Amino acid sequence: MKFRNFKLVGYVVYGRGCFNQLDEILSPHRKAGQPMVFLVDHFFEGKELPNRIPLRENDVILFADVTTEPKTIYVDELATRLRQEYGSVSGVIGIGGGSTLDLAKAVSLMMNNPGSSADYQGWDLVKFPGVYKVGVPTLSGTGAEVSRTTVLTGPTKKLGMNSDFTPFDQIVLDPELTRDAPVNQRFYTGMDCYIHCIESLEGTFLNEFSKSYGEKALELCRKVFVEKERWDEGSDDQLMMASYAGGMSIAYSQVGVAHAVSYGLSYLLGTKHGIGNCIVMAHLEEFYPAGVREFKYMVEKNQIDIPKGVCHGLTDEQFERMIDVSMGMKPLWENALGKDWETKMTRDRLRSLYEKL
Ligand code: NAD
Ligand code: ZN
């Protein structure tokens, strides 16, 4: 048996208002003439947050367009522009949801690796470390702040740049930054974390490392979405730690059925990660009975809209494409159903699951 030996994030700062320490944190990493590049979720354009960014000398703020999930062409465009303008940069700081964090990780890597980010979609293909990179989440749930991947849609696949060079050098976990997230969005991204926990805890790859983090993350999700009458500051604090712990849990296990099916949706229809997982989770009673029951309770209690009928009217060819993408997620299926998963999850069974969504 070969045990996974994985790279973690370098430094972590946590607490309300810790964003104010950013200047001090960045200072030792500044190189003469090379800017720090702040890649900020476009939601914050014209808001107060950009005014709090500690700009020095030729530092730049770029607003990240996250209308769709990150694409390899967008990463390449940003990295090429920065290389042409500055040669290199002191660092890339991603401030935003999972999409912006993934973009920041990918742009950092592409500052020092030749070719297109599409060349590195896969496992351990990245050749050189990126430039210094920092992640500042403004939504909680994806675990992108701790993961060793950056999910990108490329010309032929939706797959991350998985590598030991991918994790952030520093993350800044300031729950205050998630305060203004809209109720539905907060739920979808929060459920990404809840679903990570269920898939990890119910999976065949589970070990005590993964279980310890998964159980804690699940407990925090329950505090936020099951036990509380209404959202409060504490909910933001708890969900940020749930996201971190959920990410640590899947670092040593794997996600499962909801993610495998949701990847197909997202590839074909552009459905966003959090909402796609929610659409799928509602139909997974046969795989995760208790988790699905609780998930439905949380949807109702928090009065969340989950889209229905997203696969109505699709052609056979479109169903086949989604099934191909989903079936390609082998480690997810193996985690969920065991080594003989192919005998359990047939193309016909998957087709009837997609038809229900
Ligand atoms: P997101 O980053 O796609 O953002 C969703 C929406 O919320 C956007 O419109 C954004 O502008 C807005 N937003 C962000 N912060 C806000 C705030 N504080 N207030 C108001 N609006 C805000 O959403 P997400 O669910 O955090 O991330 C999903 C992405 O993360 C997907 O691209 C997915 O592939 C990726 N992901 C990556 C990993 C990983 O390990 N790298 C894991 C899971 C998901
Ligand atoms: Zn996820």
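In this text the structure is predicted, and so the values were computed from the model without any measurement.

Colleague: So what's going on with the site of ligand 1? Residues and values would help.
Modeller: Residues in close proximity to ligand 1 total 27 residues, the closest being D41, G98, S99, S147 and T189. At 2.5 Å, a side-chain N or O of D41 approaches an oxygen atom of ligand 1. Here L177 contributes a backbone N or O atom positioned 3.3 Å from a nitrogen atom of ligand 1. Surface burial for ligand 1 is 92%, taken as the share of its 860 Å² of free accessible area covered by protein chains. For the shell around ligand 1, the elements supplying multiple residues, two or more each, are α3 (98-110) and α4 (183-201). Split by residue class, the shell around ligand 1 holds 10 nonpolar, 11 polar and 6 charged. Residue assignment places the shell around ligand 1 across two domains, with domain 1 (11-178) and domain 2 (183-356) each supplying three or more.

Colleague: Mind laying out the sheet that holds strand β8 (residues 158-162), listing which residues take part and the relevant values?
Modeller: Across the sheet, 3 strands lie side by side as β5-β8-β7; this open sheet has mixed pairing. The open sheet has two edge strands with one neighbour each: β5 (122-123) and β7 (151-153). As paired elements, β7 and β8 share 3 bridges and run antiparallel to each other. Looking across to β8, one finds that L152 is bridged to L159.

Colleague: Please set out the coordination of the zinc ion (ligand 2) residue by residue, giving values where relevant.
Modeller: Coordination of the zinc ion (ligand 2) by the protein is provided by D192 (OD), H196 (NE2), H259 (NE2) and H273 (NE2), with metal-donor distances spanning 2.1 to 2.2 Å. What the 4 donor atoms of the zinc ion (ligand 2) show is an angle range of 87 to 170° at the metal, which sorts the shape as irregular. Binding-site remark: the zinc ion (ligand 2) is held by donors from one chain whose sequence spacing is D-x3-H-x62-H-x13-H. With H196 in helix α4 and H259 in helix α7 (residues 257-269), the pair connects residues that are 63 residues apart, well separated along the chain.

Colleague: Before we move on, could you go through the sheet that holds strand β2 (residues 36-41) and cite the residues and values that matter?
Modeller: Spatially, the 6 strands line up as an open sheet ordered β1-β9-β6-β4-β2-β3, and their pairing is parallel. The two strands at the open ends of the sheet, each matched to only one other strand, are β1 (11-14) and β3 (60-64). Averaged over all adjacent pairs, the angle separating strand axes in this sheet is 15°, with direction ignored. Sheet analysis places strand β6 (residues 132-137) next to strand β9 (residues 170-173), joined by 2 bridges and oriented parallel. Its bridge partner lying in β9, V134 is registered against Q170. Where helix α2 (residues 72-86) meets the sheet, its contacts fall on β2 and β3, and the angle it forms with β3 comes to roughly 165°.

Colleague: Got a sec to walk through the pattern of salt bridges? Specific residues and values, please.
Modeller: Evaluated as defined, the whole model comprises 22 salt bridges. For D59, the salt bridge goes to R30, with nearest N and O atoms at 2.9 Å. Note that D59 is positioned in the loop between β2 and β3 and R30 in the loop between α1 (22-26) and β2, a separation of 29 residues in sequence. For E219, the salt bridge is made with K223, and the minimal N-O distance between the two is 3.2 Å. Here E219 and its partner K223 are both found in helix α5 (residues 208-227), 4 residues apart, which amounts to about one turn of the helix. Among the residues examined, E219 registers a relative accessible area of 35% and is labelled partly exposed. Judged by its relative accessible area of 26%, K223 falls in the partly exposed class. What emerges from the salt-bridge pattern is a single network uniting R16, E233 and D237.

Colleague: Which residues make up the pairing of β6, and what values go with them?
Modeller: Most of β6 is tucked away, with 6 of its 6 residues classed as buried. Side-chain alternation along β6 places Y132, V134 and V136 on one buried face and K133, G135 and P137 on a second face that is also buried. Across 6 bridges, strand β4 (residues 91-96) lies against β6 in parallel orientation. Bridge pairing links I93 to V134 in β6.

Colleague: A description of the packing of α7 against helix α10 (residues 316-327) should follow, citing residues and the corresponding values.
Modeller: Two elements in contact, α7 and α10, have axes separated by 8 Å at closest approach and are oriented at 130°. Relative to α10, the element α7 is oriented oblique. Classified by chirality, the crossing of α10 by α7 is right-handed. Every residue of α10 that contacts α7 at A260, V261, Y263, G264, L265, Y267 and L268 is listed here: Q318, R321, M322, V325 and S326. Along the lines of polarity and charge, the residues of the contact of α7 with α10 split into 8 nonpolar, 3 polar and 1 charged.

Colleague: Tell me about unusual backbone geometry, and name the residues and values.
Modeller: Note on backbone geometry: most residues besides glycine have negative phi, and most peptide bonds are trans. Backbone geometry places E57, a non-glycine residue, at a positive phi of 35°. Within the element layout of this structure, E57 appears in the loop between β2 and β3. In this model, Q303 sits at a positive phi of 50°, which is unusual for a non-glycine residue. Positionally, Q303 belongs in the loop between α9 (289-301) and α10. Q303 gets classed as exposed once you look at its relative accessible area, which sits at 69%.

Colleague: Lay out the packing of α2 against α3 in plain terms, naming residues and giving numbers.
Modeller: Two elements in contact, α2 and α3, have axes separated by 9 Å at closest approach and are oriented at 50°. With respect to each other, α2 and α3 are oriented oblique. Considering the relative orientation of α2 and α3, their crossing is right-handed. Here Y74, V75, D76, L78, A79, L82 and R83 of α2 come into contact with α3, specifically with L103, A106, V107 and M110.

How each quantity is defined
Residues numbered from 1 in each chain as written. Chains lettered and ligands numbered in written order. Predicted model: local features only at pLDDT ≥ 70, side-chain atom pairs only at ≥ 80, totals over all residues. Heavy atoms only, no water. Near = heavy atom within 4 Å. Polar contact = N/O pair within 3.5 Å; in protein donor to acceptor, adjacent residues only side chain to side chain. Areas by Shrake-Rupley, 256 points an atom, 1.4 Å probe, with all protein chains shown as cover. Helix = DSSP H or I, 4+ residues; strand = E, 2+ residues; numbered from the N terminus. Nonpolar A, V, L, I, M, F, W, Y, C, P; charged D, E, K, R; others polar. Domains from an automatic or database assignment. Pairing = 2+ DSSP bridges. Donors = N, O, S within 2.8 Å, 3.2 Å for Na, K, Ca; no water. Tetrahedral: all angles 85-135°; square planar, octahedral: opposite > 155°, others 65-115°. Axes fitted to C-alpha atoms, helices over the stretch in contact; angles between N-to-C directions. Contact = heavy atoms within 4.5 Å. Salt bridge = Lys/Arg side-chain N within 4 Å of Asp/Glu carboxyl O. Buried < 20%, exposed > 50% of the residue type's maximum accessible area, 1.4 Å probe, protein only. Parallel < 35°, antiparallel > 145°, perpendicular 65-115°, else oblique. Left-handed = near helix turned anticlockwise from the far one by under 90°.

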